[in-house]
Amino acid sequence: MIELNRLFLRRDTTQILDDVSLTINKGEHWVILGKNGSGKTSILEMVNGYLFPSSGTVSVLGNMYGQVDVREMRKKIGYISQSLMDKMALRDPVWEVVATGEYGYLRFYEEIPEWLQNKAHRMLEFVKLEHRAGHVLGTLSQGERKKAMLARALMSDPEILIMDEPCSGLDLYEREHLLAAINDLHQKNAAVVYVTHHIEEIMPVFTHVALLEQGRLVAAGPKHEVLTVENLHKAYQIPVSLEWSSDRPWIRVLS
Ligand SMILES: Nc1ncnc2c1ncn2[C@@H]1O[C@H](COP(=O)(O)OP(=O)(O)OP(=O)(O)O)[C@@H](O)[C@H]1O
């Protein structure tokens, strides 16, 4: 579904990505981990076609970027990021904000047909936010807003769903509720690519992990093979121990 081949990205004197190759197949859900500035967001932006590598190729859903209209590709990709959240109309009802995802609009200026309203409500049910459907987006908690963004992204039935740190800034309660909704994505067709700083967010739905360090891949593959204390030490330079509980990894820093 996504094939990144020998990606290099250089800006001024900084080597942002340094020979990154990654293949994401249908049925796989990936988490990208790495320190601040290791290149995670750059990879997401390349998959979205917002950023082009200095060299190397990006192929998404069988189409090589550079030979395809990226705007057409973006219709097949759901992207959930803080910058998108910031663009949403806080005074609009939640169901209406969700409905805009059908066409990728930010707002509607005409009457919304009943089928679309019904679909938006179904997506809100999926993320367990239906009880807030009629509320104004700005009155929702941060976690609920993220759930609304997830429901909005699902409206267009994306083939790829990209999430850039969706749990940042959420308290434990809000985070766990959002993670439960994300874990339910196994019922959908989309391949999920998820960036986080927190290893315990790797829910059972995720199958694979890529570990980045200074623009290079330390390891990439099935999560149980990649999430070893040796690889985590290479990526973070901190001694840690790792425990799996209910197919979720938990990390402890060793003193
Ligand atoms: N346009 C640019 N010019 C110069 N440097 C850039 C540019 N864009 C990104 N960088 C640098 O590239 C590196 C990788 O950035 P990127 O945002 O991909 O990392 P990240 O792993 O997502 O970081 P974070 O976890 O902090 O969000 C950073 O050091 C960043 O400062």
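Calculation notes
- Residues numbered from 1 in each chain as written.
- Predicted model: local features only at pLDDT ≥ 70, side-chain atom pairs only at ≥ 80, totals over all residues.
- Heavy atoms only, no water.
- Domains from an automatic or database assignment.
- Contact = heavy atoms within 4.5 Å.
- Buried area = accessible area lost by both parts, 1.4 Å probe.
- Salt bridge = Lys/Arg side-chain N within 4 Å of Asp/Glu carboxyl O.
- Polar contact = N/O pair within 3.5 Å; in protein donor to acceptor, adjacent residues only side chain to side chain.
- Helix = DSSP H or I, 4+ residues; strand = E, 2+ residues; numbered from the N terminus.
- Nonpolar A, V, L, I, M, F, W, Y, C, P; charged D, E, K, R; others polar.
- Patch = residues over 30% accessible without salt bridge, like charges linked within 9 Å, V, L, I, M, F, W, Y side chains within 5 Å.
- Areas by Shrake-Rupley, 256 points an atom, 1.4 Å probe, with all protein chains shown as cover.
- Buried < 20%, exposed > 50% of the residue type's maximum accessible area, 1.4 Å probe, protein only.

1. Brief notes about the domain arrangement of the chain
Turning to step 1, where the next piece is worked out: We note that the domain assignment places domain 1 (1-76 + 160-165 + 189-255) and domain 2 (78-157) within the chain.
Turning to step 2, where the next piece is worked out: When each unit is reduced to the centre of its C-alpha atoms, the spacing between domain 1 and domain 2 is 27 Å.
Turning to step 3, where the next piece is worked out: With 11 residues of domain 1 in contact, the opposing surface of domain 2 contributes 8 residues.
Turning to step 4, where the next piece is worked out: The junction of domain 1 with domain 2 conceals about 760 Å² of combined surface from both sides, 50% of it contributed by carbon and sulfur atoms.
Turning to step 5, where the next piece is worked out: A per-residue breakdown of the area domain 1 buries against domain 2 is headed by L161, I162 and D164, which together make up 44% of the total.
Turning to step 6, where the next piece is worked out: Put simply, domain 1 and domain 2 have 0 salt bridges between them.
Turning to step 7, where the next piece is worked out: For the pair domain 1 and domain 2, the interface holds 4 residue pairs in polar contact (both at pLDDT 80 or more).
Turning to step 8, where the next piece is worked out: Counting residues per element, the ones that place at least two in the side of domain 1 that touches domain 2 are α1 (40-47) and β7 (160-164).
Turning to step 9, where the next piece is worked out: Here the side of domain 1 that touches domain 2 takes 5 residues from β7, the largest share from any one element.
Turning to step 10, where the next piece is worked out: Among the residues forming the side of domain 1 that touches domain 2, the class breakdown is 6 nonpolar, 1 polar and 4 charged.

2. Let's talk about a nonpolar patch on the surface
Turning to step 1, where the next piece is worked out: Residues Y103, Y105 and W115 make up a contiguous nonpolar surface patch of about 330 Å² in total accessible area.
Turning to step 2, where the next piece is worked out: Structurally, Y105 is set in the loop between α4 (94-99) and α5 (114-126).
Turning to step 3, where the next piece is worked out: When its relative accessible area of 36% is taken as the criterion, Y105 is described as partly exposed.

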